[in-house]
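Okay, here's what each chain looks like letter by letter:
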Amino acid sequence: MAKKTFPLSLAQLQAVVKQYPTPFHIYDEQAIRQNIRALQQAFRWAPWFREQFAVKALPNPRIVQILHEEGAGTDCSSLAELYISAAAGVKDTEILLTSNDTPADEFQKAIELGAIINLIAGNDIIGKPTEAKYGLPKDQLFEAYRRAKEKGVERFGLHTMVASNERRVEAFALTAKLVFELAAELKERLGIHVEFVNLGGGIGIPYRPDENPVDLPAVGEAIRKLYAAIMVPAGLGDVGIMTESGRAMTGPAGWLVSTVIHEKKTYKDYIGLDSCMANLMRPAMYGAYHHITIAGKENEPCDHIYDVTGSLCENNDKFAIDRQLPKIDIGDLLIIHDTGAHGSAMGFNYNGKLWCAELLLHTDGSIELIRRAETLDDYFATLYYPGSVMQPLGK
């Protein structure tokens, strides 16, 4: 069983908490850089390769900036994400807009930025294709390319998104085979030579200690063989490869840190935190597992069983149910692992809960505040208007 780790000692974490009260998400810069470098290494064989970081996973311009420094572009699904990309220094065709049910202003902003616009995002494997709001079936896809060519479009790519939190090598190979064969058929039937193939994201992470990470070298090698067997004979040996990973880049490099503020012993033993599902929705929404450790008690026996809860007025506001943990005391610092993707990004304000701060742990050990904690004035800001009964606090 692999041990989940946290990059700060108890004393170091306590020093951080003195300056930045809990709850907060903290991200490890070094781990993020290592994650993207490992992905790039797996695809070093390609004519060219670029990771289009899925901004929705962690929409913070400082994080996007770090990934851009490592050579990443961005995959955006909203107007806000386009602005975040631009603020982080991502430019022109480094930006990919992959939205759906897209308002005109999003297209216009993408055009202004010189971004690539993805009009046809395929989805064949996630759930039931007949229920998916994304993508086109094969016959419509070819018709869409034909019409685009007739209207004067000269540059094309091909994109799909067919997996989510997947860790099997064969699943990624199946995706590549599907898209490579489509690219070859597009050239044969319509004379369209795509410039890139975007294999989508879906690279999973081991949320549980007994799970193994994706074997990226094996994934890269499997896809290389398919590229050589399908793309090269079709005259497409110059086509670049893109991915749009989010979770794999930042997920394992983030943690939600909370303080234990209550304990209740009734039918169960409940531990109450100063965070809630507004700070991390995945366990309550999906029943997702996130590993939990107690700072300073990592080596103590997990001989107590707890439900770990937040303060939201919803009974499913639980980070863990019947979880074996060390004895927990009021004031302990509790660490929820793997929150660097779809953690803060999925935050919300139900019950008037406020967004927590986001911190960045630099490679030199220093801490940078990259999102301040939301205040009540922030929360009430849209209620401050002439004649409103709600006025700025303190006035």
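Treat the numbers as computed from the prediction; the structure is a model and nothing was measured.

A. Summary view of the layout of surface pockets. If you add up the space inside the second largest pocket, you get close to 760 Å³. Broken down by secondary-structure element, the contributors of at least two residues to the lining of the second largest pocket are strand S5 (116-117), helix H6 (138-150), strand S6 (158-159) and strand S7 (196-198). With five residues, the top contributor of residues to the lining of the second largest pocket is H6. Along the lines of polarity and charge, the residues of the lining of the second largest pocket split into 17 nonpolar, seven polar and four charged.

B. Inspection of empty space enclosed by the protein at higher detail. Applying the stated criterion across every chain, the model contains one cavity of 30 Å³ or more. Considering only enclosed or pocket space, the largest cavity measures out at about 110 Å³ in volume. Around the largest cavity, the lining residues are Phe43, Val162, Ala163, Phe172, Thr175, Leu199, Gly200, Gly201, Ile203, Val219, Ile223 and Thr243. Sorting the residues of the lining of the largest cavity by element identifies helix H7 (169-190) and helix H8 (216-231) as the ones contributing at least two each. Looking at the lining of the largest cavity, its residues break down into eight nonpolar, four polar and no charged.

C. Focus on the nonpolar core. Judged by nonpolar contacts, the single largest core of 64 residues is most densely connected at Phe180, Val194, Val197 and Leu199. By residue number, the principal contributor to this core is H7, which donates nine residues. For Val194, the residues in contact, after removing those within four places along its chain, are Phe156, Gly157, Leu158, Ala183, Leu186 and Val239.

D. Structural detail: the packing of helix H2 (residues 29-42) against helix H3 (residues 61-69). At a closest axis distance of 10 Å, the pairing of H2 and H3 adopts a crossing angle of 45°. Regarding the angle of H2 to H3, the classification is oblique. Relative to H3, the crossing made by H2 is right-handed. Contacts between H2 and H3 involve Glu29, Ile32, Arg33 and Ile36 from the first element and Ile63, Ile66, Leu67 and Glu69 from the second. Partitioning the contact of H2 with H3 into residue classes produces five nonpolar, no polar and three charged.

E. Structural view of the environment of Asn212. For Asn212, the location among the structural elements is in the loop between S7 and H8. By relative accessible area, which is 57% here, Asn212 ends up exposed. Taking the C-alpha atoms as reference points, Asn212 and Ile116, 96 residues apart in sequence, are found 35 Å from one another. Setting aside anything within four residues of it in sequence, one finds Asn212 in contact with Arg167 and Pro206.

F. The arrangement of unusual backbone geometry in detail. For the bond from Thr22 to Pro23, the omega torsion is 0°, close enough to zero to count as cis. Tracing the chain through its elements places Pro23 in the loop between helix H1 (10-19) and strand S1 (24-28). Backbone geometry places His342, a non-glycine residue, at a positive phi of 60°. For His342, the location among the structural elements is in the loop between strand S14 (333-337) and strand S15 (357-361). The backbone phi angle of Asn351 is positive, close to 70°, even though this residue is not glycine.

Basis of the calculations
- Residues numbered from 1 in each chain as written.
- Predicted model: local features only at pLDDT ≥ 70, side-chain atom pairs only at ≥ 80, totals over all residues.
- Heavy atoms only, no water.
- 1 Å grid on protein atoms, 1.4 Å probe; cavity = no way out; pocket = protein on both sides within 12 Å on 5 of 7 lines; lining within 4 Å.
- Points joined across faces, edges and corners; volume = space filled by probe spheres on them.
- Helix = DSSP H or I, 4+ residues; strand = E, 2+ residues; numbered from the N terminus.
- Nonpolar A, V, L, I, M, F, W, Y, C, P; charged D, E, K, R; others polar.
- Core = buried A, V, L, I, M, F, W, Y, C linked by side-chain atoms within 4.5 Å.
- Buried < 20%, exposed > 50% of the residue type's maximum accessible area, 1.4 Å probe, protein only.
- Contact = heavy atoms within 4.5 Å.
- Axes fitted to C-alpha atoms, helices over the stretch in contact; angles between N-to-C directions.
- Parallel < 35°, antiparallel > 145°, perpendicular 65-115°, else oblique.
- Left-handed = near helix turned anticlockwise from the far one by under 90°.

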